[in-house]
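Working through the structure, step by step
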Amino acid sequence: MATAGKIIKCKAAVCWGPNKPLTIEDIEVAPPKEHEVRIKIVATGICRSDEHVLSGALDYIKFPIILGHEGAGIVESVGSSVTGIKPGDKVIPLIIPQCGKCRCCLNPESNFCYKTSFGKFDGAITENTSRFTCKGIGIHNFIGTSTFTEYTVVDDISVAKIHDDAPLDKVCLIGCGFSTGYGSVVNTAKVKPGSTCAVFGLGGVGLSVIIGCKVAGASRIIAVDINSDKFAKAMECGATECINPKDYDRPFEKILADMTHDGVDYAFEVIGNTEVMESALSSSHFGCGTTVIVGVAPSSDKMSLDPLLLLTGRTLKGSSFGGWKSKDHVPQLVSDCMNKKFNLDLLITHKLPFQKINEGFRLLCKGESIRTVLTL
Ligand code: CND
Ligand code: ZN
Ligand code: ZN
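Residues numbered from 1 in each chain as written. Chains lettered and ligands numbered in written order. Predicted model: local features only at pLDDT ≥ 70, side-chain atom pairs only at ≥ 80, totals over all residues. Heavy atoms only, no water.

With that settled, consider the coordination of the zinc ion (ligand 3). Cys99 (SG), Cys102 (SG), Cys105 (SG) and Cys113 (SG) make up the full set of protein donors to the zinc ion (ligand 3), lying at 2.3 to 2.4 Å. Classification of the site at the zinc ion (ligand 3) as tetrahedral follows from its four donor atoms and the range of 104 to 118° in their angles at the metal. (Donors = N, O, S within 2.8 Å, 3.2 Å for Na, K, Ca; no water. Tetrahedral: all angles 85-135°; square planar, octahedral: opposite > 155°, others 65-115°.)

Below, the discussion takes up the site of ligand 1. Surrounding ligand 1, one finds 29 residues, the nearest of these being Arg48, Ser49, Asp225, Ile271 and Arg371. Here a nitrogen atom of ligand 1 and a backbone polar atom of Val294 are 3.0 Å apart. Burial of ligand 1 by the protein amounts to 90% of the accessible area it has alone, namely 870 Å². For the shell around ligand 1, the secondary-structure elements that each account for two or more residues are helix H1 (48–54) and helix H5 (204–215). The biggest single contributor to the shell around ligand 1 is H1, with three residues. Of the residues belonging to the shell around ligand 1, the class tally is 13 nonpolar, twelve polar and four charged. (Near = heavy atom within 4 Å. Polar contact = N/O pair within 3.5 Å; in protein donor to acceptor, adjacent residues only side chain to side chain. Areas by Shrake-Rupley, 256 points an atom, 1.4 Å probe, with all protein chains shown as cover. Helix = DSSP H or I, 4+ residues; strand = E, 2+ residues; numbered from the N terminus. Nonpolar A, V, L, I, M, F, W, Y, C, P; charged D, E, K, R; others polar.)

Moving on, we get to unusual backbone geometry. Look at the link from Phe63 to Pro64: it is a cis peptide, with omega at -15°. Looking at the secondary structure, you find Pro64 in the loop between H1 and strand E4 (65–66). Notably, Lys190 is not glycine yet its phi reads approximately 50°, a positive angle. With respect to the helices, strands and loops of the structure, Lys190 is situated in the loop between helix H4 (177–189) and strand E11 (196–200).

Right, let's talk about the packing of aromatic side chains for a bit. With the rule as written, the count across this model stands at seven aromatic pairs. Here Phe178 and Phe342 contribute two aromatic rings whose centre-to-centre distance is 4.2 Å and whose plane-to-plane angle is 35°, an arrangement assigned as tilted. Placement of the pair is Phe178 in helix H4 and Phe342 in the loop between helix H10 (326–338) and strand E17 (348–353), with a sequence separation of 164 residues. A relative accessible area of 5% means that Phe342 is categorised as buried. Their ring planes at 80° and their centres at 6.0 Å tell us that Phe200 and Phe252 sit as a pair that is edge-to-face. Remark: Phe252 occurs in helix H7 (residues 252–259) and Phe200 occurs in strand E11; sequence separation between them is 52 residues. In terms of burial, Phe200 and Phe252 fall into one category: buried. Three or more aromatic residues joined by ring pairs form one cluster here, namely Phe178, Tyr182, Trp324 and Phe342. Over the aromatic face of Tyr151 sits the side chain of Lys40, whose NZ or CZ is 5.7 Å from the ring centroid. (Phe/Tyr/Trp six-rings, centres within 6.5 Å; stacked < 30°, edge-to-face > 60°. Buried < 20%, exposed > 50% of the residue type's maximum accessible area, 1.4 Å probe, protein only. Lys NZ or Arg CZ within 6 Å of the ring centre and 35° of its normal.)

As a further point, take the coordination of the zinc ion (ligand 2). The coordination sphere of the zinc ion (ligand 2), as far as protein atoms go, consists of Cys47 (SG), His69 (NE2) and Cys176 (SG), spread over 2.1 to 2.3 Å. Classification of the site at the zinc ion (ligand 2) as irregular follows from its four donor atoms and the range of 84 to 140° in their angles at the metal. Donor residues binding the zinc ion (ligand 2) come from one chain and are separated in sequence as C-x21-H-x106-C. A residue pair is termed long-range when its members are at least 10 positions apart, and His69 in the loop between E4 and strand E5 (71–78) and Cys176 in the loop between helix H3 (168–171) and H4 qualify at 107 residues. Its relative accessible area of 2% is what places His69 among the buried residues. By relative accessible area, which is 5% here, Cys176 ends up buried.

Turning our eyes to something else, we now look at the sheet that holds strand E1 (residues 8–14). The strand order E1-E2-E7-E8-E4 describes an open sheet built from five strands, whose pairing is mixed. Either end of the sheet is taken by a strand with one partner, and the two such strands are E1 and E4. With three bridges joining them, strand E7 (residues 132–134) and strand E8 (residues 137–141) adopt antiparallel strand pairing. Paired with Thr133 across the strands is Gly138, a residue of E8. (Pairing = 2+ DSSP bridges.)

So this is what it looks like as structure tokens:
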């Protein structure tokens, strides 16, 4: 392409610091170096994890930064030594890379990779830099992706080539929310047919957990949220009953225990609230319950845990990106979506032009949207 090897000037939503609105800026995107790929982002969803940075809940994040981690686009150019990906390919940037060589990548049970910035959040791609500048200032990258920009540069281990006919304004949700929720059920919890599940938090990720529980054959799927407006959508996704903890004045785990003969088989925390994590664990069955933490808690919050809860037979796990090995599994998830194995339209409540990104965050914070997809 005519732009290959050159700096591209384009628009991006820059986050200059916590509690400030994003501003659309003219930025410069340097060409990809060795093992890097420059992508024209076509569509991106807004996930709560982006908002956690805006609200200052994740105090390890470095600013200024370009957020966004649920995007899809088309390769503009590739750096040297990149194989298997060429200009014109449709791709999804990956929040967890897959180098294929490290101890995690070689372990079939893990979907982590030593090259990940998830959990260390150094704001860089592998070479310890980013390719963005704005007004002469270097701008950090967000978990190897940064999709709130017309162009981004990612490592070749952080991008998956997907089907040529994939609808990018839908499959962008496979970059985070859908895969994270769905995979936490089928990969991490390994929900069994006929089981009882409780899902705490009914945003885009929580509803994807419900979709997964239904596919896994759970017989009861109890959807829990403090915003009852989310219940109709939860039922559409496959919940069998919905409850609002605000309607009760007893500890919520007791309510669930009463409803489920001493606790659920699987509980999923999909909010990022450490008190709810404790409540989810307590609401799982004493002899055989499994709890999966999916929500990202503010970095200052800690969970307190009575070890007896585990000694008596419960299991506590966490799940990032749904346990999928990113480069291997994302293309398959996109094909499954195109073959109508699941319906991502259920999760997309709003579509906005990229310039209205702050409106998208407002909708999320007011609890009015599930996923807003921004088109660039
Ligand atoms: P979103 O904000 O859309 O949904 C959260 C839901 O939780 C909302 O419907 C709230 O009303 C509800 N809620 C809030 N507080 C409570 C409470 N005390 N009790 C019951 N319900 C409550 O968020 P999302 O679906 O985009 O993301 C959910 C979480 O998943 C969030 O913490 C995000 O950071 C995290 C996440 C994790 C990963 C991963 O790989 N593990 C990837 N992306 C996002
Ligand atoms: Zn996310
Ligand atoms: Zn690796």
